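Chain and residue survey
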Amino acid sequence: MELVCGPHTLAFGERPLVMGVLNVTPDSFSDGGTFHAPEAAIEGAQRMAAEGADLIDIGAESTRPGAEPVDMTEELARLLPVIEGIDCLDLGVPLSVDTAKPEAADRALAAGAHMINDISGAGEAMLEVAARHGAPVIAMHMQGEPRTMQRKPRYGDVVAEIRNYLAERVAAGRRHGVEVLVDPGIGFGKTLEHNLDLLANLDELKRIGAPVVLGVSRKSFLDRLLGGVPVEERLHGTLAVNAWAAALGFADVLRVHDVEPHRQLAESIGALRPRRNRPAARRRVFARGIVCRSRIGVTCEERAEPQDLLVDIEATLASEAGDARDDLAGTVDYAALAGLTQAVAGRGEYRLVETLAERIAADVGRRTSQTAGGSTPWNRIESLRVRVTKPGAARELGAAEVGAEIDWRP
Ligand code: HH2
């Protein structure tokens with residue numbers, strides 16, 4: 001996927017893009033004061049471009065927990081000289097403006113910025129500004145506002161809530177003809193647990209179908225996670241979390257203070273990911289609607305007599321289609337899958353259909369470990385799906401089907 005940012009094009013592919021953070025503030029949590037003077041900020045941008053930043057994010061209002069808002073006049077007084085100064089240098093790198101004020105974004109885009117980064121999620125007014133300039137927008141999730149957001153963050157299901165919120169922002173962007181990138185807003189109204197749940201499940205955000213931006217750089221959750229690490233010593237933790245997200249393909253843009261080490265990270269991942277052996281095609285072997293007799297049910301009466309069950313079992317093979325032989329010895333025999341399934345169902349008693357499904361999978365799986373290293377077809381199973389339905393119970397309930405399904409991996 002490509003993203004047009006004024007005269008620049010960002011290509012999302014095997015390697016994550018590195019977004020350098022340039023805070024032209026006196027009070028940002030990690031680089032406050034460093035780039036406050038316009039000359040220092042412009043020099044900082046030059047250095048980031050030389051170190052391999054793919055884009056540079058310029059912010060003039062600290063959003064650290066507890067930060068007081070900055071008024072528009074002050075924000076623009078900080079932003080504009082820096083954006084104009086960098087624009088003159090023609091660094092060949094798109095600039096994004098980190099602001100939640102539509103009017104500040106408007107002025108920054110007119111002065112030479114190419115993209116908006118909005119920690120408040122890019123509402124309608126911000127999307128209108130973006131549409132007018134043809135600029136992409138990063139919509140970040142935040143619960144509350146910086147001054148108070150860390151007091152008592154609360155979610156039911158943090159991953160689902162943020163995924164739904166960001167998906168809605170992407171849909172709103174589409175209505176305005178604006179490309180929206182999504183960002184879970186690590187540290188913005190989130191506890192350590194919330195941040196970790198989000199980082200572990202970024203693939204859920206990836207499913208929205210928009211590029212994912214991740215800002216973990218030097219943040220305080222690393223301090224809590226690693227047991228007391230001051231802000232200037234959080235590079236290793238930052239690299240580790242970014243490597244996790246990028247190697248798994250969950251993050252497209254890494255928003256970071258330390259450009260050079262992250263460019264190395266991005267290049268390394270870019271070299272490795274395309275080499276990963278991805279099967280051209282998976283082989284799946286299945287037997288469906290296997291009629292089994294089993295003593296199954298939550299009450300003793302139900303278990304007194306065997307009843308009919310229907311079982312589907314599907315094995316995904318670890319071999320690639322290309323290296324698999326056209327020979328039963330190189331695959332899984334569906335007759336064996338059906339036979340084993342019937343044998344397990346007929347043996348013993350079960351209260352729950354999911355327990356039976358697990359036993360079937362485990363039995364087939366045990367053959368995997370017994371023959372590991374050998375050449376029997378069983379050690380070629382990568383995963384199994386087993387589905388057990390009870391036709392008798394479905395009839396009684398007036399349902400089409402009732403039952404349970406499990407996914408099993410060795
Ligand atoms: N984090 C900060 C600011 N802006 N934007 C996005 N999209 N994602 C983030 O995670 C994010 C962000 C906070 O970091 P920083 O800019 O370094 O600090 P401060 O807000 O104190 O200036």
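Below or above, wherever it landed, is the structure these notes cover. (Residues numbered from 1 in each chain as written. Predicted model: local features only at pLDDT ≥ 70, side-chain atom pairs only at ≥ 80, totals over all residues. Heavy atoms only, no water.)

Details of the pairing of strand β15 (residues 403-408)
Selection criterion: Burial classes: relative accessible area under 20% of the type maximum marks a residue as buried, over 50% as exposed, and values in between as partly exposed (1.4 Å probe, protein chains only). The way it works is that DSSP assigns letters per residue, a run of H or I at least four long becomes a helix, a run of E at least two long becomes a strand, and they are numbered from the N terminus. Strand pairing is defined by DSSP finding a minimum of two bridges between the two strands.
Side chains Ala404, Ile406 and Trp408 of β15 all project onto a buried face; the interleaved residues Gly403, Glu405 and Asp407 project onto a face where none is buried. Pairing between strand β14 (residues 381-389) and β15: six bridges, direction antiparallel. Each residue of the ladder has a partner; that of Leu384, found in β15, is Trp408.

Focus: the pattern of salt bridges
How we decide: Any carboxyl oxygen of Asp or Glu that lies within 4 Å of a side-chain nitrogen of Lys or Arg is treated as forming a salt bridge with it.
Within this structure, the stated rule accounts for 29 salt bridges. Close ionic contact of Arg273 with Glu14 constitutes a salt bridge, the shortest N to O distance being 3.6 Å. Of this pair, Arg273 sits in the loop between α10 (259-272) and β11 (282-296) while Glu14 sits in the loop between β2 (8-11) and β3 (17-23); the two residues are 259 residues apart in sequence, bridging distant segments of the chain. Owing to a relative accessible area of 29%, Glu14 belongs among the partly exposed residues under this scheme. Taken together, the salt bridges that share partners define one network made up of Arg15, Asp54, Arg263 and Glu267.

Structural notes on the side chain of Ser294
Applicable threshold: Under this definition, polar contacts are N or O atom pairs within 3.5 Å; protein pairs additionally need one hydrogen-donor-capable and one acceptor-capable atom, and for neighbouring residues in sequence, both atoms have to be side-chain atoms. We call two residues contacting when some pair of their heavy atoms lies within 4.5 Å.
With respect to the helices and strands, Ser294 occurs in strand β11. The class for Ser294 is buried, based on a relative accessible area of 1%. Among the polar contacts listed, one links the side chain of Ser294 to the backbone oxygen of Ala345, at a separation of 2.9 Å. Among residues more than four places away in sequence, those in contact with Ser294 are Glu305, Pro306, Gln307, Leu309, Ala345, Tyr350 and Leu356.

Topic: unusual backbone geometry
With a phi angle near 55°, Asp90 is a residue other than glycine that sits in the positive phi range. Mapped onto the fold, Asp90 is located in the loop between α2 (72-89) and β5 (95-98). The phi angle at Ala122 is positive, at roughly 60°, despite the residue not being glycine. Classification of Ala122 as buried rests on a relative accessible area of 1%.

Quick notes on the pairing of strand β4 (residues 55-59)
Strand residues, when the strand is regular, have side chains that alternate between the two faces of the sheet. To be explicit about the condition: A right-handed crossover is one whose linking path, passing over the helix from the first strand to the second, runs clockwise when the strands point away from the viewer.
Of all the five residues making up β4, five are buried; the element is thus mostly covered by neighbouring parts of the structure. What you see with β4 is no split at all: Leu55, Asp57 and Gly59 on one side and Ile56 and Ile58 on the other are buried throughout. Summarising the sheet, β3 and β4 pair through five bridges and their orientation is parallel. The partner of Met19 across the bridge, within β4, is Leu55. Between β3 and its parallel partner β4, the chain crosses via helix α1 (residues 38-51), and the hand of that crossover is right-handed. Taken together, the four bridges between β4 and β5 define a ladder with parallel strand orientation.

As for the packing of aromatic side chains
Two descriptors summarise a pair of aromatic rings, namely the distance from one centre to the other and the angle between the planes of the rings. Applied cut-off: Any two of the Phe, Tyr and Trp rings considered here, Trp counted by its six-membered ring, make a pair once their centres fall within 6.5 Å; the pair's planes then place it as stacked at under 30 degrees, edge-to-face at over 60, or tilted in between. Think of it as a cone above the ring: NZ of Lys or CZ of Arg counts as a charge over the ring if it is within 6 Å of the ring centre and within 35 degrees of the ring normal.
For the coordinates displayed, the defined rule picks out one aromatic pair. Between Trp244 and Phe250 the ring centres are 6.5 Å apart and the planes differ by 85°, which places this aromatic pair in the edge-to-face class. On the basis of relative accessible area, Trp244 is assigned to the partly exposed category, the value being 40%. Take Phe250: its relative accessible area is 13%, and that puts it in the buried class. Here the basic side chain of Arg288 rests over the ring of Phe286, its NZ or CZ set 3.7 Å away from the ring centre.

By themselves, these are just geometric observations and shouldn't be taken as functional.
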